[in-house]
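# Examination of the molecular architecture
The lines below spell out each chain.
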Amino acid sequence: SVSLTFSPCMNVIIGENGAGKTHLIKLLYALQSAIAKYSTADLLSVPTKQDLQKLVAEKYKDVFGEEAKA
């Protein structure tokens, strides 16, 4: 369990090997990519929670590859 507060400017992620730094960065990338994909696909509608969940799940699988299947 972790609680993170991000700065609006720059954030530095520090931790020991195996702490999950790369996973956090990949997750943030997947979220950003899914939201960007939705916003370019249909600028006139507001995404539903289900729309975003589906896009994030698809991007998450792309980003994490075999890790996401475990």
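Above this text is the structure in question.
Here's a quick rundown of the structure.

Cut-off values and rules
- Residues numbered from 1 in each chain as written.
- Predicted model: local features only at pLDDT ≥ 70, side-chain atom pairs only at ≥ 80, totals over all residues.
- Heavy atoms only, no water.
- Helix = DSSP H or I, 4+ residues; strand = E, 2+ residues; numbered from the N terminus.
- Buried < 20%, exposed > 50% of the residue type's maximum accessible area, 1.4 Å probe, protein only.
- Contact = heavy atoms within 4.5 Å.
- Areas by Shrake-Rupley, 256 points an atom, 1.4 Å probe, with all protein chains shown as cover.
- 1 Å grid on protein atoms, 1.4 Å probe; cavity = no way out; pocket = protein on both sides within 12 Å on 5 of 7 lines; lining within 4 Å.
- Points joined across faces, edges and corners; volume = space filled by probe spheres on them.
- Nonpolar A, V, L, I, M, F, W, Y, C, P; charged D, E, K, R; others polar.
- Expected span 1.5 Å × (residues − 1).
- Arc of directions from axis to C-beta.

## Remarks on the overall build of the chain
The number of helices and strands found in the chain is two helices and zero strands. The 70 residues of the chain split such that 11% are buried. Considering only intrachain contacts with a sequence separation of at least 6, the fraction spanning at least 24 residues in the chain is 41%. Taken as a whole, the chain presents about 5900 Å² of accessible surface, with 60% of it coming from carbon and sulfur.

## Let's talk about the layout of surface pockets
Volume-wise, the largest pocket comes out at about 220 Å³. In this structure, the largest pocket is lined by Val2, Leu4, Phe6, Asn11, Val12, Ile13, Ile14, Gly15, Ala19, Gly20, Lys21 and Leu24. Here the residues of the lining of the largest pocket sort into eight nonpolar, three polar and one charged.

## Quick notes on helix H2 (residues 49–64)
For H2, with 16 residues, the first-to-last C-alpha span of 22 Å sits near the 22 Å given by 1.5 Å per residue. Within H2 the residues assigned to the buried category are Leu55, Val56, Val63 and Phe64. Projected onto a plane normal to the axis of H2, the buried residues spread over an arc of 145° and lie on a single side. Away from its buried face by more than 90 degrees, H2 exposes Gln50, Lys54, Lys61 and Asp62. Positive backbone phi, at 60°, marks Gly65, one or two positions downstream of H2.

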